[in-house]
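Take a look at the letters that make up each chain.
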Amino acid sequence: MQTVGHLINGKIVATDQRHQDLVNPSTNEVTARVALASKATVEDAISAAAAAYPAWRDVPPIKRARIMFRLKDLLEQNADKICELLTREHGKVLNDAMGELQRGIENVEYTCGVPELLKGEHSRNVGPAIDSWSEFQPLGVCAGITPFNFPAMVPLWMWPMAIACGNTFVLKPSERDPSCALFIAQLGMEAGIPPGVLNVVNGDKEAVDTLLTDKRVQAVSFVGSTPIAEYVYTTGTASGKRVQSFGGAKNHALVLPDADLDNAASALMGAAYGSCGERCMAISVVVAVGDATADALVEKLKAQIAELKVGDGMDNNNDMGPMVTRALKEKVEGYIATGIEEGAELAVDGRGLTVAGFENGNYLGACLFDRVKQGMVIHSEEIFGPVLCVMRVETVQEGMDIIDAHEYGNGTCIFTRDGEAARYFSDNIKIGMVGINVPLPVPVAYQSFGGWKHSRFGDLHAYGPDSVRFYTVRKTMTQRWPASGVREGVQFSFPSHH
Ligand code: NAD
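All of these numbers come straight from a predicted model, not from anything done at the bench. Within each chain, residue numbers correspond to sequence positions counted from 1 in written order. Local features in a predicted model are, by the rule used here, given only for residues with pLDDT of at least 70; side-chain atom pairs are given and counted only at 80 or more, and totals for whole chains, interfaces and linings are based on all residues. Side-chain metrics in this entry use all non-hydrogen atoms of the structure; hydrogen atoms and water are not considered.

**Quick notes on the sheet that holds strand β20 (residues 433-436)**
- Taken in spatial order, the seven strands line up as β15-β16-β17-β14-β13-β19-β20 in an open sheet, and their pairing is mixed. In the strand order of this sheet, the two ends are held by β15 (345-348) and β20, each with one partner. This sheet shows a mean twist of 20 degrees between the axes of neighbouring strands, independent of strand direction.
- Set on the sheet, helix α10 (residues 261-273) makes contact with β13 (251-255), β14 (283-289), β16 (367-370), β17 (387-393) and β19 (411-415); between it and β14 the angle comes to about 155 degrees.
- The criterion used for residue contact is that any of the two residues' heavy atoms lie within 4.5 Å. In this analysis an axis means a line fitted to C-alpha atoms, helices contributing only their contacting stretch, and an angle means the value between N-to-C directions, from 0 to 180 degrees. The secondary structure listing takes helices from DSSP runs of H or I that are at least 4 residues long and strands from runs of E that are at least 2 residues long, numbered from the N terminus. Lying over the sheet, helix α15 (residues 419-428) contacts β13, β19 and β20, oriented at roughly 170 degrees with respect to β19. A pair of strands counts as paired when DSSP detects no fewer than two bridges linking them.

Quick look at the structure:
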């Protein structure tokens, strides 16, 4: 059986004793196994990154950018292969995988401008014959730990910018679907990244804990569920590292009575059920203002759910593939049972779905709950499956209060034709990313991504301008070249322009 190994110092290594099966979610057949790195293997990767750092930090940024240009080309040339690897392990439909990869490529495109992004700030004559400037220096060895749901895109949020800024990197992808991240890293080597500058270790908690506590690692970027995000943040910062840690979500769409309900329903279908709802920006709750809005929306959603095509992700005629694992499917089914017990109305039940030819796959049809209330578990917790909850409120303010009171603050959106209401909403809602008639307001690569509240731990957001600041540290120089022959004597007061 094929073993997915690690990339350490430019070579594929797979000598670990522990392994985990890789399973095709569409059939539950074991397709390969992934090596789970021991502490010693991760330390080898950190050693390789530490050894490569001094030379890499001095490579001119324009040369590092040229590697990113080549990487972009290679990603485009190999897009079909990357998406096939991704779909076979994750399950999402190929077209959706292509959309994910394109977002990753856009991050690489942004990184191509790194000489401009790294430019410092200069002030002439801050005092007599004194100039001062700030520059942004790399940190050293950085690490990234990524989730299963965007196995191509999220690693590309991290390592291209980190290494373009002059750092070296150790990536720990999700052990559930590691193959495309490893393949993309190999494309990075082909593009010209020197051995040791980019390393990939596959593994679980043992690998993560080693990255979080090894003193040579200067900074950690994490994306995953909130309990692990919080753990990574507290453990990494206690070990003296810079940490940015992105967690789970519960994203609400507020639908006003004046919204274009046909377009809102179509937008909500993709946002709720695309990728089986396994997206941190998925809309999982619709808050409808007024019973008439809710009634109309539920009818439109039911009609569109009846048309939804669920099946193997390798077939682009399908809208929704299988869930990533049987365990996650069963967990989501458990939430559906809880919702019924809590008194929510299951308007569409997607359980019990079988797909011809793929009877053993992790299939779960789209589910729609109506009359969900605050305090129900299906509202308070992240379900991370194809389950959309409809809540009914009387006023916009009541809807906004529900959204603000939620533990998570990743994304939200409003559907309305009323500019004043939209502006009030975007100005005041306590959520990091806001859409106005845009259901998935995932920022483009040259903005930055990040939620509020328990969806993010740490200060800076992911990718875009914030990532340049995250992967560098400011140094400020003050320089004086006094005219020769001038004698100034000793001064004991603090230097100022008094
Ligand atoms: P996860 O937290 O289970 O795993 C994420 C990473 O943490 C993986 O690499 C995994 O190996 C590692 N990990 C898991 N358990 C660990 C432990 N006990 N100790 C140390 N490391 C551990 O998340 P997942 O199931 O892979 O991904 C889904 C979650 O990620 C959802 O909650 C989703 O909302 C979130 N997510 C958030 C964003 C965002 O930007 N906010 C983006 C994508 C996904």
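**A closer look at the domain arrangement of the protein chain**
- Each domain's extent was defined by an automatic or database domain assignment. One can read the domain layout of the protein chain as domain 1 (3-247 + 455-477) and domain 2 (251-436).
- Taking the mean C-alpha position of each, domain 1 and domain 2 sit 31 Å from one another.
- Listed per partner, the contact involves 21 residues of domain 1 and 29 residues of domain 2.
- Carbon and sulfur atoms make up 54% of the area that domain 1 and domain 2 hide from each other, which totals about 2,100 Å².
- Throughout, the accessible surface (probe 1.4 Å) given up by two parts as they are put together, summed over both, is called the buried area. Among the residues domain 1 hides against domain 2, the three largest losses belong to Ser-26, Val-93 and Ser-455. Together they make up 26% of the total.
- Counted as salt bridges are all cases of a side-chain nitrogen of Lys or Arg within 4 Å of a carboxyl oxygen of Asp or Glu. Linking domain 1 to domain 2 there are one salt bridge.
- Between Asp-96 and Arg-279 there is a salt bridge, with the nearest N and O atoms lying 2.9 Å from each other.
- Elements that contribute at least two residues to the side of domain 1 that touches domain 2 include exactly α3 (79-90) and α4 (94-111).
- Broken down by element, the side of domain 1 that touches domain 2 gets its largest block of residues, five residues, from α3.

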